[in-house]
Amino acid sequence: MSDPDRLAGVTELSAWVARDAERDAGDSDDEPMEPVDEESARSIALRALGRRAASRQELDRTLERRDVEPEVRAAVLDRLEAEGLVDDAQLARDTAERLRERKHLGERGVAAELRKRGLDPDELDEADRDDELQRAIDAAAERRRRSGNLDDETAERRLTGYLQRRGFSGGTVRIAIERTRPQRSRGRSASGPRFR
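Every value quoted in this text rests on a predicted model; they were computed, and no experiment measured them.

S.K.: Before we go on, may I ask you to explain the pattern of salt bridges in this structure?
M.R.: Opposite charge on two side chains permits them to pair, given that their charged atoms come into close proximity. Evaluated as defined, the whole model comprises 16 salt bridges. Close ionic contact of Arg-79 with Glu-39 constitutes a salt bridge, the shortest N to O distance being 2.8 Å. With Arg-79 in helix H4 (residues 70-82) and Glu-39 in helix H2 (residues 38-51), this pair connects stretches of sequence that are 40 residues apart. Judged by its relative accessible area of 29%, Arg-79 falls in the partly exposed class.

S.K.: Can you walk me through the nonpolar core in this structure?
M.R.: As a rule of thumb, soluble globular proteins bury nonpolar side chains together. Counting 15 residues, the largest nonpolar core has Ala-41, Leu-59, Leu-63, Val-76 and Leu-80 as the members making the most contacts within it. Elements represented by at least two residues in this core include exactly H2, helix H3 (56-65) and H4. The element best represented in this core is H2, accounting for five residues. Contact partners of Ala-41, with chain neighbours within four places excluded, come to Val-36, Leu-63, Val-68, Val-72 and Val-76.

S.K.: Mind showing me how you'd approach the packing of helix H5 (residues 88-103) against helix H6 (residues 107-116) here?
M.R.: Between two packed helices, the angle of one axis relative to the other and the distance separating the axes together describe the packing. Between H5 and H6, whose axes approach to 10 Å, the crossing angle comes to 135°. Considered as vectors, H5 and H6 are oriented oblique to each other. Crossing handedness for the pair H5 and H6: right-handed. Counted together, Ala-92, Thr-95, Ala-96, Leu-99 and Arg-100 of H5 and Glu-107, Val-110, Glu-113 and Leu-114 of H6 form the full contact between these two elements. Residue composition of the contact of H5 with H6, by class: five nonpolar, one polar and three charged.

S.K.: Can you walk me through a negative patch on the surface in this structure?
M.R.: Taken together, the side chains of Asp-87, Asp-94, Glu-97, Glu-101, Asp-120, Asp-122, Glu-123 and Asp-138 make up a negatively charged region of the molecular surface. In terms of residue count, H5 provides more of the negative patch than any other element does, three residues in total. Looking at the secondary structure, you find Asp-138 in helix H8 (residues 132-146).

S.K.: Teacher, can you tell me more about the environment of Ala-176 here?
M.R.: Relative to the helices and strands, Ala-176 is located in helix H10 (residues 170-180). Judged by its relative accessible area of 0%, Ala-176 falls in the buried class. Each C-alpha atom, one on Ala-176 and one on Leu-159, is 9.6 Å from the other, the two residues being 17 residues apart in sequence. Not counting chain neighbours up to four residues away, the residues in contact with Ala-176 comprise Leu-133, Ala-136, Ile-137, Ala-140 and Leu-163.

S.K.: Hey, could you run me through H2 in this one?
M.R.: Since there are 3.6 residues in each turn of an α-helix, residues three or four apart along the chain are aligned in direction. Over its 14 residues, H2 runs 20 Å from end to end, which matches the ideal 20 Å to within 8%, given 1.5 Å per residue. Residues of H2 that are buried include every one of Ala-41, Arg-42, Ile-44, Ala-45, Ala-48 and Leu-49, and no others. One side of H2 carries all its buried residues, which in axial view fall inside an arc of 160°. Facing away from the buried side of H2 by more than 90 degrees, the exposed set consists of Gly-50 and Arg-51. Each element contacted by the buried residues of H2 is listed here: H3 and H4.

S.K.: Is there a simple way to explain H5 in this structure?
M.R.: End to end, H5 covers 21 Å across 16 residues, agreeing with the expected 22 Å (1.5 Å per residue, within 8%). Of all the residues in H5, the buried ones are Ala-89, Leu-91, Ala-92, Thr-95, Ala-96, Leu-99 and Arg-100. An end-on view of H5 places all buried positions within 160° of arc, on one side of the element. Exposed side of H5, more than 90 degrees from the buried face: Glu-97, Glu-101 and Arg-102 are the residues found there. By the N-cap criterion, in which a side-chain oxygen at the helix start approaches the backbone nitrogen of a residue two or three places on, H5 is capped by Asp-87, the distance to Ala-89 being 3.3 Å. Of the residues trailing H5, His-104 is marked for its positive phi of about 55°.

Reading the values: rules and limits
- Residues numbered from 1 in each chain as written.
- Predicted model: local features only at pLDDT ≥ 70, side-chain atom pairs only at ≥ 80, totals over all residues.
- Heavy atoms only, no water.
- Salt bridge = Lys/Arg side-chain N within 4 Å of Asp/Glu carboxyl O.
- Helix = DSSP H or I, 4+ residues; strand = E, 2+ residues; numbered from the N terminus.
- Buried < 20%, exposed > 50% of the residue type's maximum accessible area, 1.4 Å probe, protein only.
- Core = buried A, V, L, I, M, F, W, Y, C linked by side-chain atoms within 4.5 Å.
- Contact = heavy atoms within 4.5 Å.
- Axes fitted to C-alpha atoms, helices over the stretch in contact; angles between N-to-C directions.
- Parallel < 35°, antiparallel > 145°, perpendicular 65-115°, else oblique.
- Left-handed = near helix turned anticlockwise from the far one by under 90°.
- Nonpolar A, V, L, I, M, F, W, Y, C, P; charged D, E, K, R; others polar.
- Patch = residues over 30% accessible without salt bridge, like charges linked within 9 Å, V, L, I, M, F, W, Y side chains within 5 Å.
- Areas by Shrake-Rupley, 256 points an atom, 1.4 Å probe, with all protein chains shown as cover.
- Lys, Arg positive; Asp, Glu negative; His and termini not counted.
- Charge placed at Lys NZ, Arg CZ, Asp CG, Glu CD.
- Expected span 1.5 Å × (residues − 1).
- Arc of directions from axis to C-beta.
- Polar contact = N/O pair within 3.5 Å; in protein donor to acceptor, adjacent residues only side chain to side chain.

Below, the structure is given as structure tokens:
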């Protein structure tokens, strides 16, 4: 970046900071802030939705941070739901699918992530949960390929931790580890060799 370009950037930033400070100076603690009307609140919510899909609870928090009154927030969110712009059930399904496919999360991990976003994990279909074992096996197989030359015990210990951190249940983890165990070590326990 040349010096004139850098100077122009600094000047622009300084002007922005000055305008921001001037605006803040006009807001004294003694004067109550003007309440945000419904159309302004709707614009705030639509801008948030333009950045990424959001749950009703996430939008409510966004509006609350902007000091929108609870009645106005509820009215705006009800309107957005009626228009189909906020659909928590569909967002839960889409988010769960993405978490399962891209992050290889188990159902407990998916449920935890959905709760963080204010979504109800019970909205998910039972059919979506049926393939958890296959997802665990796929994740375990992929992880084993990348584990390199680790001994079996170390590889399985690390693999167990990896799958558990992704929210797979203990039984699912055990089956996934067993089914992805290399042929040479199948039948041996993870704790050591079997004696005849």
